[in-house]
Amino acid sequence: MGKTSRREPAAKLSRRSFVGYVVGGTTLMVAADLTLGVDPAQALPIPSVPQVPELYDLNDFLTHCALPTSGLVGITLDAQGDAHFALPRMEVGQGITTAMAMLVADELDLPIERVHVTLAPARRELLFNQLTGGSNTIVSLYTPVRVAAAVARKALLDAAAIQLGALVDTLVTKAGVILAPGGASVSYADVASAAAAPATKKVRVRLKTASERTLVGTPQRRIDALDAVTGRKQFAMDLDVPDALPTMVCRAPGLNGTARSVRNQAAVTAMPGVTHVAVIPTGVAVRARTFGQCIDAVRALDVEWTAGTVPGKNADDIHRELRRAELPLVVPKLGTTSVDGAFTFHFRSGSALEPNCAVADVRAGRATIWGGLKSPIDAQSKVAKALGLPQDRVTVNVVQGGGSFGRKLFSDAAIEAAHASKAFGVPVKLMWHRADEPRQGRVHPMATSRIRATVLAGSVISFEQRHTSVPTDFTHGLGERLTAEVAALPTGLANLGFSETIFLLTQELPYNFGVITQLLNEPDPAPDRFNTSSVRNIYSPDVATANELMVDQVAARLKQDPVAFRRAYLKSRVVKRVLNRAAELGEWGKAMPAGTAQGIAIHKEYKGATAVLVEIDCRPETVDRKVRDAVTGPRVTRATVVVDAGVVINPEGVKAQMMGGFSDGLAQALTYSNHLVDGHFLEASWDNSAYTRQWNVPFEFHCEVLDSESREPGGVGEAGVAASMAAVACAYARATGTLPTEFPINFRAPLHFEPKSFVPPVPESPTDGLRHTF
């Protein structure tokens, strides 16, 4: 008989006992293995009463997808004993590089300034573990990063024990130094080389408890704050790529129109500074010595355009399409026992503060891209397809970005830059004009939400919601994940489309309202009519606003106080905690002058919960106040935000995210939208887009981060938007006595701006560089 190999018994690990690897090589490289004990067949059945996210939500799915390659996310120690971590996510201002540095520094006992976090380029071997979205970064990387740091610390201790002639258990690590009982010590730099393993080996480590940490959970300033405020932080347009000159695209007057021909290409090419002009799939690309010269050339182009994808269409046309496509409500309308509501949410731009941009260098048989990309593997694939190259011949470098809000999940600028560089045969530094963003960029889709709550014998016995939306584009890598990992989805979701699946994985109404049904329909009369994206918090702001307004209506029908009603019907302890604390801090129920009111709303998502209480002033003297170049209207004067985000890495970072989320919700409730008229959007820059400005923010803003009962972190990047928008809407309804049904509330008001021209598509280039911020 042949030799029988001995089978290693299955590892048994405690809550804080994990397995990792010291990866073979000349430097110390470590990684975590979180796949032990995971049985893909252990999918929980979905009961009929709890909603899907109560058992398995989008964060569970994203973390599941990241799990198989978690061992490829590692930490390296250099000869100086400093730690280096190439983060497979994108920093867009949300503070994840700081949070990761804190996790590594804490577990490794290293000063945070000696932890260097960079952004990893596209790594195909990571599969579904390199997408920044769904507020999932901390949730999915919290354990792998700590395990990797703990493995590194153990390797250093083992090497130091040999060098110091001491038992490992007697050694202590502190601030990058290993101390022996007799006073002898070595630095991490002294033993980093010896700690490197010649071959990969499995090791077992114990993670620190909460009481053993010194950084996690404490307020910390951003590690990139100084670079940001001094102008040293590098964004895509700051990169010095040899011979990459400014490039812009002349775009069609109609949404998604394309160029048939250029009538004056030779004349434009001869303009000062212009080096190249070429038609690309999205318009006419122009390369010049300066961006100002690009703008001049774009304005001079005489192009024959196609009509676009929605010629002649207005917002009301799209709204009628949505209303016709609404799924029917099941429970019949029963007189006074039914409480009905119908709401409309208009298009709004998903533009970030940083313009859409990328650098591309396409040469024979290869391409290199630099850009702010939250799904770089998907970008790599799409660029390769656009250029007709194998994917491994495209290098994608991820650069920090100035905001995203879901926009940078898409690689539109990178693909355009690649097309332009290929057409020109030279590198390009492509940037969208501000006018391009709201007109041809990604938008949050228009949607309607129809709701019927049924009240019987003083209780809510059913709550139905039918959400109907222009299709949301999920072809940025998440859709591919859903296809590849369909077996991991709860029963009943495997046969749904991308949008319906994501809707059901994210939407939860945390009330005991009897039979609850929330359904999505996204009619698609013609594919790709609108450029949409999963804008920050995806469906939740609209869905939650409609829900919370109806919760107030039901409470009024039952003659109950809105907070008392919510407290009685909420089924989630964590939501009750944030609700009660917000009501206490915000002084719910205090006397308010006529024309002013309080509003409160809750939202449960991302493994946590948020409650927001606002005070709004809708008196004529406030609504009609005059501020130069401003959109005024109702004014939120005070806001209180309470969040339970599970284990919090950096409380200051959470508060910053809540403030940003509140600003989003405030704008979406009152002022921020895109107006579709005659086949194109009228807004053409930030000065047209009525986003939250200093004259609209509350005089008083307070955010409290609760000490959570959870042992795991939640997501915070999007957690503040939905409850904020809903609270503002509820306050407006109470202050005016009118239920708002169209958002933003000022959508039907006269335009506050004179629409910019569509031909030429961009304003003149500035001459002084100071007074013109388009």
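Refer to the structure above for everything that follows.
Residues numbered from 1 in each chain as written. Predicted model: local features only at pLDDT ≥ 70, side-chain atom pairs only at ≥ 80, totals over all residues. Heavy atoms only, no water.

*Asks:* Please clarify how the packing of helix α10 (residues 376–387) against helix α11 (residues 412–424) should be interpreted in this entry.
*Replies:* Any two packed helices are characterised by the angle at which their axes cross and by the distance between the axes. Two elements in contact, α10 and α11, have axes separated by 9 Å at closest approach and are oriented at 30 degrees. With respect to α11, the element α10 is oriented roughly parallel. With respect to the hand of their crossing, α10 and α11 are arranged in right-handed fashion. Across the interface between the two elements, Lys 382, Val 383, Ala 386 and Leu 387 of α10 pack against Ala 414, Ile 415, Ala 418, His 419 and Lys 422 of α11. For the contact of α10 with α11, a count of residues per class yields six nonpolar, one polar and two charged. (Axes fitted to C-alpha atoms, helices over the stretch in contact; angles between N-to-C directions. Helix = DSSP H or I, 4+ residues; strand = E, 2+ residues; numbered from the N terminus. Parallel < 35°, antiparallel > 145°, perpendicular 65-115°, else oblique. Left-handed = near helix turned anticlockwise from the far one by under 90°. Contact = heavy atoms within 4.5 Å. Nonpolar A, V, L, I, M, F, W, Y, C, P; charged D, E, K, R; others polar.)

*Asks:* Any chance you could explain helix α15 (residues 540–557) here in plain terms?
*Replies:* Owing to its 3.6 residues per turn, the α-helix aligns residues three or four sequence positions apart on the same side. Taking 1.5 Å per residue as the helical rise, α15 with its 18 residues ought to reach 26 Å, and the 25 Å between its terminal C-alpha atoms agrees with that figure. The buried fraction of α15 amounts to 15 of the 18 residues, a majority that puts the element mostly inside the structure. Among the residues trailing α15, Lys 559 stands out with phi positive, at a value near 55 degrees. (Expected span 1.5 Å × (residues − 1). Buried < 20%, exposed > 50% of the residue type's maximum accessible area, 1.4 Å probe, protein only.)

*Asks:* I would appreciate a short explanation of the nonpolar core in the present structure.
*Replies:* Side chains of a nonpolar character, in soluble globular proteins, are inclined to be buried together. Phe 513, Phe 565 and Val 614 are the most contacted members of the largest nonpolar core, which has 71 residues in total. It is helix α20 (residues 721–736) that contributes the most residues to this core, 11 residues altogether. When residues no more than four places from it in sequence are discounted, the contact partners of Phe 513 are Val 460, Ile 461, Ser 462, Phe 463, Val 551, Phe 565 and Tyr 569. Leu 108, Ala 149, Ala 180 and Leu 215 belong to the second-largest nonpolar core, a separate cluster that totals 49 residues. (Core = buried A, V, L, I, M, F, W, Y, C linked by side-chain atoms within 4.5 Å.)

*Asks:* I tried to follow the pattern of salt bridges on my own but got confused; where do I start?
*Replies:* Charged atoms that come close allow side chains of opposite charge to pair. A full pass over the atoms with the stated rule returns 51 salt bridges. As a salt-bridge pair, Asp 687 and Lys 756 come within 3.2 Å of each other at their nearest N and O atoms. You can see Asp 687 sitting in the loop between β29 (680–681) and β30 (700–705) and its partner Lys 756 sitting in the segment after β31 (742–743), a full 69 residues away along the chain. By relative accessible area, which is 38% here, Asp 687 ends up partly exposed. What emerges from the salt-bridge pattern is a single network uniting Arg 407, Asp 412, Glu 437, Arg 442 and Asp 473. (Salt bridge = Lys/Arg side-chain N within 4 Å of Asp/Glu carboxyl O.)

*Asks:* Sorry if this is basic, but what is going on with unusual backbone geometry here?
*Replies:* If a residue is not glycine, its phi is most likely negative; likewise, a peptide bond is most likely trans. Here the amide bond leading from Phe 743 into Pro 744 is cis, since omega sits at 0 degrees, within 30 degrees of zero. When you line up the elements, Pro 744 lands in the segment after β31. Of the consecutive residues Val 759 and Pro 760, the connecting peptide bond is found in the cis state with omega at 0 degrees. Its place among the elements puts Pro 760 in the segment after β31. Positive phi, normally seen in glycine, also occurs at Asp 109, with a value near 55 degrees. Tracing the chain through its elements places Asp 109 in the loop between α3 (96–108) and β5 (115–119). By relative accessible area, Asp 109 is classed as buried at 17%. Positive phi, normally seen in glycine, also occurs at Asp 243, with a value near 65 degrees. Within the secondary structure, Asp 243 sits in the loop between α6 (225–230) and β10 (245–250).

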